[in-house]
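The chain contents come next:
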Amino acid sequence: MSKLKILVVEDEMPVRNLIRTTLETHEYTYLSAEDGKSALMLASSVNPDLILLDLGLPDMDGIEIIRRIRTWSNMPIIVLTARSEVTDKILALDCGADDYLTKPFDVEELLARIRVTQRRLTVMQARLPEERVFMNGALRIDFAEGCAYVDDVPLKLTPSEYKLLCILGRNCGKVLTYRFISKEIWGNEWENNIASLRVFVTTLRKKIEKKGESQSYIQTHVGVGYRMVNHAEGPAGSVDG
Ligand code: CA
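The structure displayed is predicted, hence computed values, not measured ones.

## A look at the overall build of the protein
Counting secondary structure elements, the protein contains 8 helices and 12 strands. Residue burial in the protein is summarised as follows: out of 241 residues, 49% are buried. Long-range pairs, those at least 24 residues apart, make up 56% of the contacts in the protein between residues at least 6 apart in sequence. Counting only carbon and sulfur atoms, one obtains 54% of the accessible surface of the protein, whose full area is about 11900 Å².

## Looking at the side chain of His221
For His221, the location among the structural elements is in strand β11 (residues 218–221). For His221, a relative accessible area of 0% corresponds to the buried category. Among the polar contacts listed, one links the side chain of His221 to the side chain of Tyr100, at a separation of 2.7 Å.

## Thoughts on the environment of Ala39
Here Ala39 shows up in helix α2 (residues 36–46). Between the alpha carbons of Ala39 and Val8 there is a distance of 8.4 Å; along the sequence they are 31 residues apart. Ala39 has contacts with Leu7, Val9, Ala33 and Ile65, leaving out every residue within four places of it along the chain.

## Details of the coordination of the calcium ion
Of the protein atoms, only Asp11 (OD), Asp54 (OD) and Gly56 (O) coordinate the calcium ion, at distances of 2.2 to 2.4 Å. Coordination of the calcium ion draws on donor residues from a single chain, spaced D-x42-D-x1-G in sequence. Of the residues examined, Asp54 reaches a relative accessible area of 5% and is grouped as buried.

## Section: the pairing of strand β5 (residues 99–103)
Burial analysis of β5 places 5 of its 5 residues in the buried class, which makes it a mostly covered element. Here β5 shows no split at all, with Asp99, Leu101 and Lys103 on one side and Tyr100 and Thr102 on the other all buried. Both strand β4 (residues 77–82) and β5 contribute to a ladder of 5 bridges, which runs parallel. Each residue of the ladder has a partner; that of Leu80, found in β5, is Leu101.

## Quick notes on the sheet that holds strand β6 (residues 133–136)
The 4 strands are arranged β6-β7-β8-β9 in an open sheet whose pairing can be described as antiparallel. Among the strands making up the open sheet, the edge pair consists of β6 and β9 (153–154). Along the sheet, helix α6 (residues 159–170) makes contact with β6, β7 (139–142) and β8 (147–150), crossing β7 at roughly 105 degrees.

## Thoughts on the nonpolar core
Counting 30 residues, the largest nonpolar core has Leu139, Ile141, Leu164, Leu165, Ile208, Ile218 and Tyr226 as the members making the most contacts within it. Of all elements in the fold, only β7, β8, α6, α7 (178–186), α8 (193–208) and β12 (225–228) reach the threshold of two or more residues within this core. When residues no more than four places from it in sequence are discounted, the contact partners of Leu139 are Phe134, Tyr149, Val150, Leu155, Leu165, Ile208, Tyr217 and Met228. Residues Leu40, Leu53, Leu93 and Ala97 belong to the second largest nonpolar core, which totals 26 residues.

Procedures and definitions
Residues numbered from 1 in each chain as written. Predicted model: local features only at pLDDT ≥ 70, side-chain atom pairs only at ≥ 80, totals over all residues. Heavy atoms only, no water. Helix = DSSP H or I, 4+ residues; strand = E, 2+ residues; numbered from the N terminus. Buried < 20%, exposed > 50% of the residue type's maximum accessible area, 1.4 Å probe, protein only. Contact = heavy atoms within 4.5 Å. Areas by Shrake-Rupley, 256 points an atom, 1.4 Å probe, with all protein chains shown as cover. Polar contact = N/O pair within 3.5 Å; in protein donor to acceptor, adjacent residues only side chain to side chain. Donors = N, O, S within 2.8 Å, 3.2 Å for Na, K, Ca; no water. Pairing = 2+ DSSP bridges. Axes fitted to C-alpha atoms, helices over the stretch in contact; angles between N-to-C directions. Core = buried A, V, L, I, M, F, W, Y, C linked by side-chain atoms within 4.5 Å.

In structure tokens, the structure reads:
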């Protein structure tokens, strides 16, 4: 198997060096850019398997880079952002980023996120667009039948709970923002949908999580949204704000 090519877009040298060491010791091919212009050039010429993108770059907003790349490619993008910038994370995810990491992050967390993204990509590539069944651990969603099961026991879900479960399942491994989910379920982004969404997540969790089981299917990203954890790969690492 050829090595995964990862393009790191980061203007701070110490952060770049940390990532470089981590990636190279774990058999990834490291490529780097220090500004937006060279990042866009490299992204199109090298076609990396994944991009780690710092949002604060000297010449260009990282969000703009995501927007431009998304006009021609679905390559996975993990955003690197500072702790206080919740709105940036949301904007980045809504513009098409796949995940985010809050600085300072530890290398284990970085590697976990890369594996999750990698796994999601493999699953997506293997999955046919018309696929009718989604499986994740004990959970099974039969899209064609319009029904979900845990350990083959049918779940009694309301239409909104089922819709929510399908959205999370179809985007398994990806952090989805409140805005995105709200738009998918209700067709709009009303702020007060967030409160309803929290209720749906709580009731849905009660129905799909097995008693006495520690692993969770729906991960909360405070102030950002939710993610369905891919149990084929194990939990997606710790959750930050
Ligand atoms: Ca920066």
